[in-house]
Amino acid sequence: MRAMVIDDSRAMRMILKRIVTKLNFEAVEAGDGKEALDLLHAMTEVPELALIDWNMPNMNGLEFVTHARADPRLREMTLVMVTTESEQSQIVRALAAGAHEYVIKPFTEGAMIEKLALLGLVPTGANS
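Looking up the protein chain in an unreviewed UniProt entry gives the name Two-component system chemotaxis response regulator CheY, with the organism given as Paractinoplanes abujensis.

Below, the structure written as structure tokens:
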């Protein structure tokens, strides 16, 4: 399985990439929503999962989610917002736009694995 990590923070991309790699995902990185869309359009196979920051330059996470949901080729991708935006109204906006889940930074590795397990994206026994 493949995952795309979309965050303008290199450190956060490394953290998320390490978590999904432990879960046997092949990870691809993008520094913002526009770069992510460009990469996705160049790929022959769409990743099963995208972990998306909200606050990024060029194209923010909410705009990315909206674009991904409008593209028939990307509709099957599971979208998880991973962000410091913790207001209920922001969470509702992201879910209404098409995000499947929402993880608030800072998070623990265990919390992220649990969230992915809820979405059916963690193989049994992978979170050990």
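S.K.: Sorry if this is basic, but what is going on with the overall build of the protein chain here?
M.R.: For the protein chain, the count of helices and strands is 5 helices and 5 strands. The C-alpha atoms of the protein chain give a radius of gyration of 13 Å, which matches the 14 Å a tight globule of 128 residues would have. For the protein chain, the C-alpha atoms occupy an extent of roughly 35 × 35 × 25 Å along the three principal directions. A total of 128 residues make up the protein chain; the buried ones form 49% of that total. By sequence separation, contacts in the protein chain at least 24 residues apart represent 62% of the contacts at least 6 residues apart. In the structure as shown, the protein chain presents an accessible area of about 6,500 Å², 51% of it carried by carbon and sulfur atoms. Taking the 13 positively charged and 18 negatively charged side chains of the protein chain as two groups, their mean positions are separated by 2 Å.

S.K.: Would you mind showing me how to read the UniProt feature "modified residue: 4-aspartylphosphate" (unreviewed entry) in the protein chain here?
M.R.: Per the UniProt record, "modified residue: 4-aspartylphosphate" (unreviewed entry) is found at Asp 53. Among all residues touching Asp 53, those that are not within four sequence positions of it are Ile 6, Asp 7, Asp 8, Gly 61, Met 81, Val 82, Thr 83 and Lys 105.

S.K.: Any chance you could explain the pairing of strand E4 (residues 78-83) here in plain terms?
M.R.: The side chains of a regular strand alternate, first on one face of the sheet and then on the other. Among the 6 residues in E4, 6 count as buried, and that is most of the element. Neither face of E4 is left uncovered, since the one carrying Thr 78, Val 80 and Val 82 and the one carrying Leu 79, Met 81 and Thr 83 both have all their residues buried. Bridge count between strand E3 (residues 49-52) and E4: 4 bridges; the pairing is parallel. When the sheet's bridge partners are listed, Leu 51 is paired in E4 with Val 80. The pairing of E4 with strand E5 (residues 101-104) spans 4 bridges and is classified as parallel. Directly across from Met 81, in E5, lies its bridge partner Tyr 102.

S.K.: Would you explain the nonpolar core in this entry?
M.R.: As a rule of thumb, nonpolar side chains are buried together in soluble globular proteins. The biggest cluster of nonpolar side chains holds 25 residues, and the ones touching the most others in it are Met 4, Ile 6, Ala 50, Ile 52, Phe 64, Leu 79 and Met 81. Sorting the residues of this core by element identifies strand E1 (2-6), strand E2 (26-30), helix H2 (33-42), E3, helix H3 (61-70), E4 and helix H4 (88-97) as the ones contributing at least two each. Once you skip the residues sitting within four places of it in the chain, Ile 52 turns out to touch Ile 6, Gly 61, Phe 64, Val 65, Leu 79, Val 80, Met 81 and Val 82. If you look at the next biggest cluster of nonpolar residues, it comprises 20 residues, including Val 5, Leu 23, Ile 113 and Val 122.

S.K.: When you look at the sheet that holds E5 in this model, what are you seeing that I'm missing?
M.R.: In spatial order, the strands read E2-E1-E3-E4-E5; together these 5 strands make up an open sheet with parallel pairing. The strands lining the two open edges of the sheet, one partner per strand, are E2 and E5. The sheet shows a mean angle of 20° between the axes of neighbouring strands, taken without regard to direction. Contacts from helix H1 (residues 10-22) reach E1, E2, E3 and E4 within the one sheet, and its direction differs from that of E2 by about 165°. Strands in contact with H4 are E4 and E5; relative to E5, the strand with the most contacts, it is inclined by about 145°.

What counts, and at which threshold
Residues numbered from 1 in each chain as written. Predicted model: local features only at pLDDT ≥ 70, side-chain atom pairs only at ≥ 80, totals over all residues. Heavy atoms only, no water. Helix = DSSP H or I, 4+ residues; strand = E, 2+ residues; numbered from the N terminus. Rg over C-alpha atoms; globule rule 2.2 N^0.38 Å. Buried < 20%, exposed > 50% of the residue type's maximum accessible area, 1.4 Å probe, protein only. Contact = heavy atoms within 4.5 Å. Areas by Shrake-Rupley, 256 points an atom, 1.4 Å probe, with all protein chains shown as cover. Lys, Arg positive; Asp, Glu negative; His and termini not counted. Charge placed at Lys NZ, Arg CZ, Asp CG, Glu CD. UniProt positions renumbered as here; feature names shortened; annotations may be inferred. Pairing = 2+ DSSP bridges. Core = buried A, V, L, I, M, F, W, Y, C linked by side-chain atoms within 4.5 Å. Axes fitted to C-alpha atoms, helices over the stretch in contact; angles between N-to-C directions.

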